[in-house]
Amino acid sequence: MLSVNGLCKSFGTHKVLDGVNLTLNPGEVVSVLGASGSGKSTLIRCINGLETFEAGSITVDGFDVAKPKELAEARRRSATVFQQFNLYPHMTAVENIALAPVEVLKRPKAEVIAEARALLDRVGLAHRADAYPAQLSGGQRQRVGICRALAMQPRYLLLDEVTSALDPEMTAEVLDILKVLATTGTTMLFVTHEIAFARSISHRIVFLEKGELIADMPTADFFSDRGRSLPRVARFLSKLQGEAL
Ligand SMILES: Nc1ncnc2c1ncn2[C@@H]1O[C@H](COP(=O)(O)OP(=O)(O)OP(=O)(O)O)[C@@H](O)[C@H]1O
Ligand SMILES: [Mg+2]
């Protein structure tokens, strides 16, 4: 289980996360919604150990992110895909994917390369395995980014607006992959502005408002009168009417 308890995080005097509680159980898909600046990326970065925090705790399968000796184990269990692809430009798609399993997990290179090719095949990119990032489209690059995360065989996959830099067609390519992952049991924490898509794949929706997690409910409830009984959620959903839902 991935567990966030009473998480508080400030930048200077600006409190960005204020007592956030969240659990992610194996097999669950949980989407994190909320306005720009509500703290979604900061939450993901704290889970990764990329940001320190003042109060609360984060554990990944019991390993405490705030304890230097446990951080590496916590990180091994989760992998993050960000909006920007961050692929190494001098390495091919398959080399990008194989790098961390070989360097970090010390796994045999030939075996890892074979797995990387199989992952690329899963996302429809077998034919681009030996291309460099500059030779790939944005959607293709992001699919490589997802493969790179999956190559670490994480228990938890964290996705932070992985489609927001993509045009609609490329977005659809990437969402198709995520849908397959969601329906085949991949545990995901999914930060997104793709509300209709979040609705279609998530078991639960959580909603952040100015650093406070003000809703955490089954997806059907969030999009029903129960979600709308929270004025902030009602306002958020009313803006989307017709557009995304
Ligand atoms: N390194 C930083 N230093 C100072 N303030 C920061 C830093 N990173 C984020 N913030 C602030 O923290 C708040 C939350 O930012 P965050 O990036 O987590 O929001 P978000 O919900 O991911 O927004 P978006 O939907 O636009 O990606 C914002 O007010 C942002 O300006
Ligand atoms: Mg963000």
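Residues numbered from 1 in each chain as written. Chains lettered and ligands numbered in written order. Predicted model: local features only at pLDDT ≥ 70, side-chain atom pairs only at ≥ 80, totals over all residues. Heavy atoms only, no water.

In the annotation of an unreviewed UniProt entry, the entry for the chain reads ATP-binding cassette domain-containing protein, and the organism field reads Pannonibacter tanglangensis. Within the UniProt record for the chain, the comment given under Subcellular location (unreviewed entry) is "Cell membrane". Recorded in UniProt for the chain, the comment headed Sequence similarities (unreviewed entry) runs: "Belongs to the ABC transporter superfamily." (UniProt positions renumbered as here; feature names shortened; annotations may be inferred.)

> In this structure, what is going on with the environment of Asn86? I would like to understand it.
In this structure, Asn86 sits in the loop between strand E6 (78–81) and helix H3 (93–103). Note: C-alpha distance between Asn86 and Gln142 (56 residues apart in sequence) is 9.2 Å. Engagement of the side chain of Asn86 in a polar contact is seen with the backbone oxygen of Gln84, the distance being 3.4 Å. (Helix = DSSP H or I, 4+ residues; strand = E, 2+ residues; numbered from the N terminus. Polar contact = N/O pair within 3.5 Å; in protein donor to acceptor, adjacent residues only side chain to side chain.)

> How should I be thinking about the pairing of strand E7 (residues 156–160) in this particular structure?
The two faces of the sheet receive side chains in turn, since in a regular strand these alternate between them. Counting buried positions over the five residues of E7 gives five, a clear majority of the element. As judged from the four bridges shared by E6 and E7, these two strands associate in the parallel manner. When the bridges of E7 are listed, Val81 appears paired with Leu159. Bridge count for E7 against strand E8 (residues 188–191) is four bridges, and the pairing is parallel. Paired with Leu159 across the bridge in E8 is Phe190. Once the chain exits E7 it traverses helix H6 (residues 168–183) before rejoining the sheet at E8, and the crossover so formed is right-handed. (Buried < 20%, exposed > 50% of the residue type's maximum accessible area, 1.4 Å probe, protein only. Pairing = 2+ DSSP bridges. Right-handed = clockwise from strand over helix to strand, strands pointing away.)

> Can you help me understand the site of ligand 1 in this one?
Ligand 1 sits among 13 residues. The nearest are Ser36, Gly37, Lys40, Ser41 and Thr42. Looking at the shell around ligand 1, the elements that each hand over two or more residues are strand E2 (14–24) and helix H1 (40–47). Here the element with the most residues in the shell around ligand 1 is H1; it accounts for three residues. Partitioning the shell around ligand 1 into residue classes produces three nonpolar, eight polar and two charged. (Near = heavy atom within 4 Å. Nonpolar A, V, L, I, M, F, W, Y, C, P; charged D, E, K, R; others polar.)

> Help me understand the packing of H3 against helix H4 (residues 109–122) in this model?
Close contact between H3 and H4 brings their axes to 9 Å; oriented N to C, the two are set at 130°. By the angle class used here, H3 and H4 are oblique. Once H3 is placed against H4, the crossing between them reads as right-handed. Contacts from Ala93, Val94, Ile97, Ala98, Pro101 and Val102 of H3 reach H4 at Lys109, Val112, Ile113, Ala116, Arg117, Leu119 and Leu120. Taken together, the residues of the contact of H3 with H4 break down into 11 nonpolar, no polar and two charged. (Axes fitted to C-alpha atoms, helices over the stretch in contact; angles between N-to-C directions. Parallel < 35°, antiparallel > 145°, perpendicular 65-115°, else oblique. Left-handed = near helix turned anticlockwise from the far one by under 90°. Contact = heavy atoms within 4.5 Å.)

> So what exactly am I meant to see when it comes to the sheet that holds strand E5 (residues 63–64) here?
Through backbone hydrogen bonds, the strands of a sheet pair up, either in parallel or in antiparallel fashion. Strand order in the open sheet formed by four strands is E2-E1-E4-E5, with antiparallel pairing between adjacent strands. Of all strands in the sheet, those bounded by a partner on one side alone are E2 and E5. Sheet analysis places strand E4 (residues 55–60) next to E5, joined by two bridges and oriented antiparallel. Directly across from Val60, in E5, lies its bridge partner Phe63. Lying over the sheet, H1 contacts strand E1 (2–11), E2 and E4, oriented at roughly 115° with respect to E1.

> Would you take a moment to explain the UniProt feature "domain: ABC transporter" (unreviewed entry) in the chain for this structure?
As annotated by UniProt and renumbered to match this structure, "domain: ABC transporter" (unreviewed entry) occupies residues 2–235. The span residues 2–235 is 39% helical and 26% strand by assignment, and the distance between its end C-alpha atoms comes to 30 Å.

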